[in-house]
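# Residue-level structural notes
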Amino acid sequence: MNYTIATLPGDGIGPEIMEQAVGVLQAVAEKYGHTFDFRYGHAGAIAIDKTGDPFPDETFQLCREADAVLFGAIGDPKYDNDPKAKVRPEQGLLAMRKQLGLFANIRPVSTFPALIGKSPLRKELVEGVDFVVIRELTGGSYFGEPRGRSEDGTKAFETNLYSKEEIVRILEVAFRYAGARNRRLTVVDKANVLVTSRLWRETAQEMSKDHPEIEVDYLFVDNAAMQIIQNPARFDVMVTENMFGDILTDEASVITGSMGLLPSASEGLLTSLFEPVHGSYPQAAGRNIANPLAMILSAAMMLESGLGLQEEGALVREAVDRSLAEGYVTEDIDPAHARSTSEVGNRIASYIRKK
Ligand code: IPM
Ligand code: MG
């Protein structure tokens, strides 16, 4: 089959890790007789430099027409240190989510046996951790209107707005994931304080009647933050609003010790997008030292859930597992015997070709 992939390397280490993911996908294409047509576009700081817009219209069109979007990372310190900058790379990310209707952010949190020692938590707590956080991505206080500053500048406000329709569609995704996994769904909210959360909870309670096979529980977000540390193995699928999800996914990403390995997917109305959980890591840019595995695993997720190519995705995962088991890894995992970004990527691609 022939697939068109919108390829957005972005900023920092984005281009180098993307190159490895593309190499791995090319190996998959050769092996299975597919054609991947990689169409490159700009997003983030690089897009601001080239066009003045962090998510230019031509990139939007490219994404819209593609079968899936593969995305590297966004962010450049030259904007972080300038609070007066008029456009920021992050605005490109938010525009991309909104314009492509990417309302469901899926972040699997799973352990890799080779990396358990890297977890900040005790081994007994992290062993067997395997859950998915589903974060609503296009609503809530990130986008709600009105927002702004009072005229004299001494007050500022956001609007945390959710319609029932938005809640239903994200919960549908969550019930679907729970159904395909261990049938346990945790709805995270702050229903003791927020009216939006009460609408979430009420809606989840209604929908759970249509899904009797799924065991649903409800946690306040502060309690959820605590339990992710105290007992992460209890979770199967967790669903929550945009802001809570932003915070909890960062927390969840470090507990397995494998931050550099975590992929994510954003499912949307127009297309789906796949990207590593980590950021643009500017200090490592251009040095061929960054870990390409999260990007490569994002490509595996794209094969499986974006293009429906299960066997192909599984082979990429197998190649990644092999690389980890053999200790053929970048410096973040093994500083004493570190391989470069491209060495790790090439090794995975050649494993796939030979298999
Ligand atoms: C994320 C990031 C973004 C967010 C930032 C960079 C705007 O933290 O993808 O989790 O807050 O959603
Ligand atoms: Mg975040």
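Residues numbered from 1 in each chain as written. Chains lettered and ligands numbered in written order. Predicted model: local features only at pLDDT ≥ 70, side-chain atom pairs only at ≥ 80, totals over all residues. Heavy atoms only, no water.

Enumeration according to the criterion identifies one cavity of 30 Å³ or more in this entry. Roughly 40 Å³ of volume is contained in the largest cavity. Considering the residues around the largest cavity, the lining is formed by Arg 107, Pro 108, Val 109, Val 133, Thr 249, Ala 252, Ser 253, Leu 262 and Val 277. For the lining of the largest cavity, the class distribution of residues is six nonpolar, two polar and one charged. (1 Å grid on protein atoms, 1.4 Å probe; cavity = no way out; pocket = protein on both sides within 12 Å on 5 of 7 lines; lining within 4 Å. Points joined across faces, edges and corners; volume = space filled by probe spheres on them. Nonpolar A, V, L, I, M, F, W, Y, C, P; charged D, E, K, R; others polar.)

Let us look at the domain arrangement of the chain. Per the domain assignment, the segments making up the chain are domain 1 (1-106 + 258-355) and domain 2 (120-240 + 251-256). For domain 1 versus domain 2, the distance between C-alpha centres works out to 25 Å. Tallying the contact residues gives 16 residues for domain 1 and 16 residues for domain 2. When the buried area of domain 1 at its contact with domain 2 is split by residue, Phe 103, Asn 105 and Ile 106 rank highest and sum to 39% of it. Taken together, the connections running from domain 1 to domain 2 amount to one salt bridge. Here Arg 176 ties to Glu 267 by a salt bridge, and the two come within 3.0 Å at their closest N and O atoms. In this assembly, domain 1 and domain 2 are joined by six residue pairs in polar contact (both at pLDDT 80 or more). At the level of elements, α5 (89-99), β4 (104-110) and β11 (263-267) are the ones that each hand at least two residues to the side of domain 1 that touches domain 2. The class makeup of the residues in the side of domain 1 that touches domain 2 is nine nonpolar, four polar and three charged. (Domains from an automatic or database assignment. Contact = heavy atoms within 4.5 Å. Buried area = accessible area lost by both parts, 1.4 Å probe. Salt bridge = Lys/Arg side-chain N within 4 Å of Asp/Glu carboxyl O. Polar contact = N/O pair within 3.5 Å; in protein donor to acceptor, adjacent residues only side chain to side chain. Helix = DSSP H or I, 4+ residues; strand = E, 2+ residues; numbered from the N terminus.)

A word on the packing of helix α1 (residues 14-32) against helix α13 (residues 341-354). If you want to describe how two helices pack, look at the angle between their axes and the distance between the axes. Two numbers describe how α1 lies on α13: the axes approach to 8 Å, and their chain directions differ by 10 degrees. One way to sum up the angle between α1 and α13 is to call them roughly parallel. On α13, the residues touching Glu 16, Ile 17, Gln 20, Gly 23, Val 24, Gln 26, Ala 27, Val 28, Glu 30 and Lys 31 of α1 are Thr 341, Ser 342, Gly 345, Asn 346, Ile 348, Ala 349, Ile 352 and Arg 353. Grouping the amino acids of the contact of α1 with α13 by side-chain chemistry returns seven nonpolar, seven polar and four charged. (Axes fitted to C-alpha atoms, helices over the stretch in contact; angles between N-to-C directions. Parallel < 35°, antiparallel > 145°, perpendicular 65-115°, else oblique.)

Glycine aside, residues mostly have negative phi, and peptide bonds are mostly found in the trans state. Of note, the bond from Glu 145 into Pro 146 is cis; its omega dihedral lies within 30 degrees of zero at 0 degrees. Within the secondary structure, Pro 146 sits in the loop between β5 (130-136) and β6 (148-149). The backbone of Arg 183 shows a phi angle near 60 degrees, a positive value even though the residue is not glycine. One can find Arg 183 in the loop between α7 (164-180) and β8 (184-189). Since its relative accessible area comes to 42%, Arg 183 is described here as partly exposed. Even without being glycine, Asn 288 reaches a positive phi, approximately 60 degrees. (Buried < 20%, exposed > 50% of the residue type's maximum accessible area, 1.4 Å probe, protein only.)

Attention shifts here to the pairing of β11. Of all five residues making up β11, five are buried, and the element is well covered by its neighbours. Covered by surrounding structure in β11 are Pro 263, Ala 265 and Glu 267 together with Ser 264 and Ser 266, the residues of both alternating faces. In this sheet, strand β12 (residues 272-276) lies alongside β11 in antiparallel orientation, the contact comprising five bridges. Residue pairing for β12: Ser 266 is matched across the bridge by Leu 273. What sits between β11 and β12 in their antiparallel hairpin is a turn of four residues. (Pairing = 2+ DSSP bridges.)

On to α7, then. In a regular helix each residue adds 1.5 Å, so 17 residues correspond to 24 Å; α7 covers 24 Å between its end C-alpha atoms and thus fits that length. Looking at α7, one finds that the buried residues are Glu 166, Ile 167, Ile 170, Leu 171, Val 173, Ala 174, Phe 175, Tyr 177 and Ala 178. (Expected span 1.5 Å × (residues − 1).)

This part covers the environment of Asp 321. Residue placement: Asp 321 occurs in helix α12 (residues 310-325). Between the alpha carbons of Asp 321 and Leu 293 there is a distance of 10.0 Å; along the sequence they are 28 residues apart.

Here the focus is the nonpolar core. In terms of nonpolar packing, the biggest core is built from 70 residues, with Phe 36 and Ile 134 touching the most fellow members. A domain split of this core shows at least three residues from each of domain 1 (1-106 + 258-355) and domain 2 (120-240 + 251-256). Setting aside anything within four residues of it in sequence, one finds Ile 134 in contact with Asn 105, Ile 106, Ile 170, Val 173, Ala 174, Tyr 177, Val 237, Met 238, Val 239 and Thr 240. Core analysis: the next-biggest nonpolar cluster, separate from the first, contains 18 residues, Ile 116, Val 129, Val 221 and Ala 252 among them. (Core = buried A, V, L, I, M, F, W, Y, C linked by side-chain atoms within 4.5 Å.)

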